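Fold and geometry: a report
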Amino acid sequence: MSRMGIIVNVDECIGCHACFIACKQENQVSPNIQWNRIRKVENREKNIINYFRASCQHCEDPACLKVCPMKAVYKGPHGEILIDQDKCIACKACLAACPYGMPMFNDRKLTSYFGEKQPLFSPSNPPTKNAQPGKAEHCTLCSHRLAKGKEPACVEICPAKALTLVDFDAPTEKQKALLPKAVSLKAGVDTKPKVRYVCSNMDFSEVALK
């Protein structure tokens, strides 16, 4: 099993939301559900605005996996954290346990932007598996793309190349240069996230998402 994750270079991010849109389209994510969220932090002293991508952190020691009573949370072949929605009972124990607040629940059960109307065209890339409304869901690290040797949609689309897919067990020479500068978000517990952040003007070890 590899240990895949993403390094987010905040210094390079331009806040264009291309990764957010790519995630929505690739995974056919329902309205009001955001697997990939774009956060903004304003530094008034330095007159700088930082944008960064936030999602499931694909932890090596995930709190959500430990508390799920149905064993619906599991690790994929690349170390990605996945949810078996057939087992999920929507108890939201995973959301309560996640220090980043990343599991999402489509409680409104709204699955289409078009209501009863039909879109003018059908997506060319239907989802690999339709999400079940009301069940836990979050970023899968585009597990279906990893299985084909492809990058996650967000990484592939980023025009600023601010996102880097990395195998922590076998980083490239270029990735090795980034790793010492890449830090985990503050969580309060050490879940060993595999999504890490590089930023020269902001201490990401002090950033909490929940």
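Everything numeric in this text was worked out from a predicted model, so none of it was measured.

Applying the stated criterion to the full structure yields nine salt bridges. Ionic pairing is found between Arg3 and Glu60, a salt bridge with its closest N-O pair at 2.4 Å. A residue pair is termed long-range when its members are at least 10 positions apart, and Arg3 in the segment before strand 1 (4–9) and Glu60 in the loop between strand 3 (48–54) and helix 2 (63–67) qualify at 57 residues. What makes Glu60 partly exposed here is its relative accessible area of 25%. When the shortest N-O distance is used, the salt bridge between Glu42 and Lys40 registers 3.4 Å. Overall, the relative accessible area of 48% leaves Lys40 in the partly exposed class.

What follows concerns the confidence of the model for the protein chain. Mean pLDDT over the protein chain: 91, with 95% of residues reaching 70 or higher. Summarising per-element confidence for the protein chain, the mean pLDDT is lowest in strand 2 (residues 37–43) (91) and highest in strand 4 (residues 73–75) (98).

The next thing to look at is the pairing of strand 9 (residues 195–198). With burial as the criterion, each face of strand 9 is covered, one bearing Val195 and Tyr197 and the other bearing Arg196 and Val198. Pairing geometry for strand 1 and strand 9, over four bridges, is parallel. Paired with Ile7 across the bridge in strand 9 is Arg196.

Attention shifts here to the packing of aromatic side chains. Scanning the model with the defined rule gives one aromatic pair in all. Ring plane angle 85° and centroid distance 5.7 Å describe the contact between Phe52 and Tyr197, whose orientation is recorded as edge-to-face. Residue Phe52 is located in strand 3, and its partner Tyr197 is located in strand 9; the two are separated by 145 residues in the primary sequence. The burial state of Phe52 is the same as that of Tyr197; both residues are buried. It is Lys92 that lies over the ring of Phe105; its NZ or CZ is 5.2 Å from the centre. Positioned above the aromatic ring of Phe168, the side-chain terminus of Arg196 is 4.3 Å from the ring centre.

Glancing now at the nonpolar core. Counting residues in hydrophobic clusters, the biggest one holds 29 residues, and the most contacted among them are Val8, Phe52, Leu163, Tyr197 and Phe204. Taken together, the elements giving at least two residues each to this core come down to strand 1, helix 1 (18–27), strand 3, helix 5 (153–157), strand 8 (163–167) and strand 9. The leading source of residues in this core is strand 1, at three residues. Contact partners of Phe52, with chain neighbours within four places excluded, come to Val8, Val10, Cys13, Arg37, Ile38, Arg39, Val41, Tyr197, Met202, Phe204, Val207 and Leu209. If you look at the next biggest cluster of nonpolar residues, it comprises 17 residues, including Val29, Trp35, Ile81 and Cys94.

With that settled, the discussion passes to the state of the cysteines. Applying the stated criterion across every chain, the model contains zero disulfides. Looking at Cys13, it has no disulfide partner, and the nearest cysteine sulfur is the one in Cys19, 6.5 Å off. Overall, Cys13 belongs to the partly exposed group, its relative accessible area being 24%. There is no disulfide at Cys59, and the cysteine sulfur nearest it, in Cys56, is 6.5 Å away.

About the criteria used
Positions within a chain are numbered from 1, following the residues in the order the chain's sequence is written. With pLDDT at 70 or above as the cut-off, local features in this predicted model cover only qualifying residues; side-chain atom pairs require 80 or more to be listed or tallied, and sums for whole chains, interfaces and linings still use all residues. Heavy atoms from the whole structure form the basis of all side-chain values; hydrogens and water molecules are not counted. Just to be clear on terms, a salt bridge is a Lys or Arg side-chain nitrogen sitting within 4 Å of an Asp or Glu carboxyl oxygen. Each helix corresponds to a stretch of at least 4 residues labelled H or I by DSSP, and each strand to a stretch of at least 2 residues labelled E; elements are numbered beginning at the N terminus. Type-normalised accessible area, obtained with a 1.4 Å probe on protein chains alone, sets the label of each residue: buried when under 20%, exposed when over 50%, and partly exposed for intermediate values. Scored between 0 and 100, pLDDT is the confidence that the predictor attaches to each residue. When DSSP finds at least two bridges between two strands, those strands are taken to pair. The rule is short: rings of Phe, Tyr and Trp, with Trp giving its six-membered ring, pair when the centres are within 6.5 Å, and they are stacked under 30 degrees, edge-to-face over 60, tilted in between. Two thresholds decide whether a charge sits over a ring: the Lys NZ or Arg CZ must be within 6 Å of the ring centre and within 35 degrees of the ring normal. What we call a nonpolar core is a set of buried Ala, Val, Leu, Ile, Met, Phe, Trp, Tyr and Cys residues that are connected through their side-chain atoms within 4.5 Å. Any two residues whose heavy atoms approach within 4.5 Å are treated as being in contact. Note that a disulfide, as used here, is simply two cysteine sulfur atoms within 2.5 Å.

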